[in-house]
Each structure stands twice: as C-alpha cells, then as structure tokens.
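Spelled out, the chains give:
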Amino acid sequence: VFANLEMVRKAPMGFLFGQRMSWVTHQHKLISVDRGNSFELYDLLIDPSETKNIILENPILAEQLKRELGLWLSTLANPELPNFTIPQIPNDERI
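In this text the structure is predicted, and so the values were computed from the model without any measurement.

Before going further, it helps to spend a moment on the overall build of the chain. The number of helices and strands found in the chain is one helix and four strands. From first element to last, N terminus to C terminus, the chain shows the α and β order β-β-β-β-α. By residue count, 35% of the 95 residues in the chain fall in the buried class. For the chain, the accessible area works out to roughly 6,700 Å², and carbon and sulfur atoms hold 55% of it.

Here the focus is the nonpolar core. Judged by nonpolar contacts, Met21, Trp23, Leu30, Phe39, Leu41, Ile54, Ile55, Leu61, Ala62, Leu65, Leu69 and Leu73 together constitute the single largest core of 12 residues. Every element with two or more residues in this core is listed here: strand E2 (20–24) and helix H1 (59–73). Broken down by element, the residue count for this core peaks at five residues, all from H1.

We now examine H1. Given a rise of 1.5 Å per residue, 15 residues ought to cover 21 Å, and the 21 Å separating the end C-alpha atoms of H1 matches this to within 8%. Lining the buried residues of H1 we find strand E1 (13–17), E2, strand E3 (28–32) and strand E4 (40–43).

What follows covers the packing of aromatic side chains. Taken as a whole, this structure holds one aromatic pair when the rule is applied. Centre to centre, the rings of Trp23 and Trp72 are 6.1 Å apart; their planes meet at 45 degrees, and the pair counts as tilted. Of this pair, Trp23 sits in strand E2 while Trp72 sits in helix H1; the two residues are 49 residues apart in sequence, bridging distant segments of the chain. Given the relative accessible area of 22%, Trp72 is considered partly exposed.

This part is about the pairing of E2. For E2, the tally of buried residues reaches four of five residues, placing the bulk of the element in the interior. Relative to E2, E1 runs antiparallel, the two being bridged by five bridges. Across the sheet, the residue bridging to Met13 is Val24, located in E2. The hairpin turn running from E1 into E2, its antiparallel successor, is two residues long, and Gly18 in that turn takes a positive phi close to 60 degrees. As judged from the four bridges shared by E2 and E3, these two strands associate in the antiparallel manner. If you follow Ser22 over to E3, its bridge partner there is Ile31. Counting the residues between successive antiparallel strands, the hairpin from E2 to E3 contains three residues.

This part takes up the pairing of E3. Every other side chain in a regular strand lies on the same face of the sheet, so the side chains alternate between the two faces. For E3, the tally of buried residues reaches five of five residues, placing the bulk of the element in the interior. Of the two faces of E3, the one lined by His28, Leu30 and Ser32 and the one lined by Lys29 and Ile31 are each fully buried.

Calculation notes
- Residues numbered from 1 in each chain as written.
- Predicted model: local features only at pLDDT ≥ 70, side-chain atom pairs only at ≥ 80, totals over all residues.
- Heavy atoms only, no water.
- Helix = DSSP H or I, 4+ residues; strand = E, 2+ residues; numbered from the N terminus.
- Buried < 20%, exposed > 50% of the residue type's maximum accessible area, 1.4 Å probe, protein only.
- Areas by Shrake-Rupley, 256 points an atom, 1.4 Å probe, with all protein chains shown as cover.
- Core = buried A, V, L, I, M, F, W, Y, C linked by side-chain atoms within 4.5 Å.
- Expected span 1.5 Å × (residues − 1).
- Contact = heavy atoms within 4.5 Å.
- Phe/Tyr/Trp six-rings, centres within 6.5 Å; stacked < 30°, edge-to-face > 60°.
- Pairing = 2+ DSSP bridges.

Shape descriptors only; they carry no functional weight alone.
Structure, rendered in structure tokens:
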C-alpha cells in the first residue's frame, strides 16, 4: 500500500537523549553522541543506512545544522542540556 509513497519531512526535528542529540531534516541528519563535543553528518537521501559520514566534505552545512540544533536546544526547559555553543554563521555562507 505504501510502496510508492515518498516520505518528506516538512520541518526539521531535534532529538535529545542522555549524551546523544541529533537534528534531522528531510535530507540530512546531524548526530552527536558526546553532548556536542563531536558530530557526524549523513545525507539520508543518498545514504539512508548512514554509513558515510560527510561532515568533513560539508563544513558550511554542518555549521548551519549545528546552529539550528543549538537554537532548538535553547528552547527546551531542561536543566540537563548539553553545554553546547551555538555556532555563528555569516550570511554569505548560509546554504
């Protein structure tokens, strides 16, 4: 019944659980398993199994997604939030 149905995430979604956090868009997933000390980035449309970390090849996109994640984290009323600095991105580098 759902074989030809394409799933499209209309808005990004954040996740936070213990040391782990992620920011997921329709195409990309940014993941940290150590409270934001390091990150991985995956292209979910090309690599749905998340086997190739593309963060080194996409530094501007990674910083933009980190900023979005940080802004989302700042809206949560949770005293256990990671000590995560929201990256600043110059307007001319936005994707």
